[in-house]
Amino acid sequence: MRPNRTQGAAIAAVALALLFAGGAVTVASADRDEVPATPVSASADAGFARDMSVHHQQAVEMSFIVRDRTKDEAVRRLAYDIANTQANQRGMMLGWLDLWGLPKNESGVEPMTWMGMGGSGDTGPLDGALMPGMVTKTQIEELRGASGREAEVLYLKMMTEHHKGGVHMAEGCVQKCTVGAERALAQGMVDAQKSEVLLMADMLKERGA
């Protein structure tokens, strides 16, 4: 039986849809083929993983210091959450570098090169402020020497700036990284750290700072 005009139009529409779908798959495949299966050492993926691992390590260190310098439960709980979260994320990023067969430290390459920036510490990299938001070794020692409310305020102020720098770096990865899982992790950092910045602002107000 010959198809009627309505059936013929439906068949043509299906054929046209399949044609477009096939073209879309071909284009998507071509786009994926342009991205290396494994990031190279100079890529944003590798640069972010290396730099943010260092950035996170300092946040973990600061958080453990303040937990020993105050009995305030709110600050201790925040410090524990930051240390636990960032230590886990750091492990993921270092694991990716291992998986990609890339070095965890790239000699001769300044931090933030993958973002088109150089070292950014106001007092210079020799004092530990290698990247946006990172505190200096002098500031770390200041935190170690403080206690009680003074330690709480120092930590909250330092971590606020640390988070702002981390957000800047993570947003760079969201824009530049090619590995989907890494972009997702970076976006999660942006969302979580922005939220914690707001929380720390309230905590500073509570302490009259």
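Residues numbered from 1 in each chain as written. Predicted model: local features only at pLDDT ≥ 70, side-chain atom pairs only at ≥ 80, totals over all residues. Heavy atoms only, no water.

Draft legend 1. Focus on the packing of helix α2 (residues 44-69) against helix α3 (residues 73-100). Two elements in contact, α2 and α3, have axes whose closest approach is 8 Å; the angle formed by their N-to-C orientations is 155°. The angle between α2 and α3 places the two elements in the roughly antiparallel class. Where α2 crosses over α3, the handedness of that crossing is left-handed. Residue composition of the contact of α2 with α3, grouped by class: 18 nonpolar, six polar and five charged. (Axes fitted to C-alpha atoms, helices over the stretch in contact; angles between N-to-C directions. Helix = DSSP H or I, 4+ residues; strand = E, 2+ residues; numbered from the N terminus. Parallel < 35°, antiparallel > 145°, perpendicular 65-115°, else oblique. Left-handed = near helix turned anticlockwise from the far one by under 90°. Nonpolar A, V, L, I, M, F, W, Y, C, P; charged D, E, K, R; others polar.)

Draft legend 2. The arrangement of the state of the cysteines in detail. In total, this model carries one disulfide according to the counting rule given. Across the disulfide, C173 is cross-linked to C177 (sulfur-sulfur distance 2.2 Å). One quick way to see it: the torsion about the S-S bond of C173 and C177 is about -120°, and its sign makes the bridge left-handed. Side by side, C173 and C177 carry an identical accessibility label, which is buried. (Disulfide = S-S within 2.5 Å. Buried < 20%, exposed > 50% of the residue type's maximum accessible area, 1.4 Å probe, protein only.)

Draft legend 3. View of the pattern of salt bridges. A full pass over the atoms with the stated rule returns ten salt bridges. With its nearest N and O atoms 3.8 Å apart, the salt bridge here joins E106 to R50. With a gap of 56 residues between them, E106 in the loop between α3 and α4 (137-145) and R50 in helix α2 connect regions that are remote in the sequence. By relative accessible area, E106 is classed as partly exposed at 29%. For R144, the salt bridge is made with E61, and the minimal N-O distance between the two is 2.9 Å. Remark: E61 occurs in helix α2 and R144 occurs in helix α4; sequence separation between them is 83 residues. (Salt bridge = Lys/Arg side-chain N within 4 Å of Asp/Glu carboxyl O.)

Draft legend 4. Inspection of the nonpolar core at higher detail. Within the largest apolar cluster, 25 residues are counted, with the highest numbers of intra-cluster contacts made by F48, M52, M93, L97, W114, A170 and M189. Taken together, the elements giving at least two residues each to this core come down to α2, α3, α5 (148-176) and α6 (180-206). Discounting chain neighbours no more than four positions away, the residues touching M189 are F48, M52, H56, Q89, M93 and A170. Grouped together as the second largest cluster of nonpolar side chains are 22 residues, V153, M158, M200 and L204 included. (Core = buried A, V, L, I, M, F, W, Y, C linked by side-chain atoms within 4.5 Å. Contact = heavy atoms within 4.5 Å.)

Draft legend 5. Geometry of the packing of α5 against α6. Packing of α5 against α6 brings their axes to within 8 Å, and their N-to-C directions diverge by 155°. Judged by the inter-axis angle, α5 sits roughly antiparallel to α6. You can see that α5 and α6 cross each other, and the crossing is left-handed.

Draft legend 6. Broad picture of α2. Relative to the 38 Å expected for 26 residues at 1.5 Å per residue, α2 spans 37 Å between its end C-alpha atoms, a close match to the ideal helical length. Burial of α2 is extensive: 19 of the 26 residues sit out of reach of the surface. (Expected span 1.5 Å × (residues − 1).)

Draft legend 7. Expanded view of unusual backbone geometry. A positive phi angle, close to 75°, is found at M112, a residue other than glycine. Along the chain, the position of M112 falls in the loop between α3 and α4. On the basis of relative accessible area, M112 is assigned to the buried category, the value being 0%.

Draft legend 8. Spatial organisation of the packing of aromatic side chains. If you walk through the whole model with that rule in mind, you get two aromatic pairs. Here the aromatic rings of F48 and W114 are separated by 5.6 Å at their centres, their planes lie at 80°, and the arrangement is edge-to-face. Within this pair, whereas F48 is found in helix α2, its partner W114 is found in the loop between α3 and α4, the two being separated by 66 residues in sequence. Comparing F48 with W114 shows no difference in burial state: the two are buried. Pairing W96 with W100 gives two aromatic rings, centres 6.3 Å apart and planes at 15°, and the pair type is stacked. Of this pair, W96 and W100 both sit in helix α3, separated by four residues, roughly a single helical turn. When sorted by exposure, W96 lands in the same class as W100, which is buried. (Phe/Tyr/Trp six-rings, centres within 6.5 Å; stacked < 30°, edge-to-face > 60°.)

In short, shape yes, function no, at least from these values alone.
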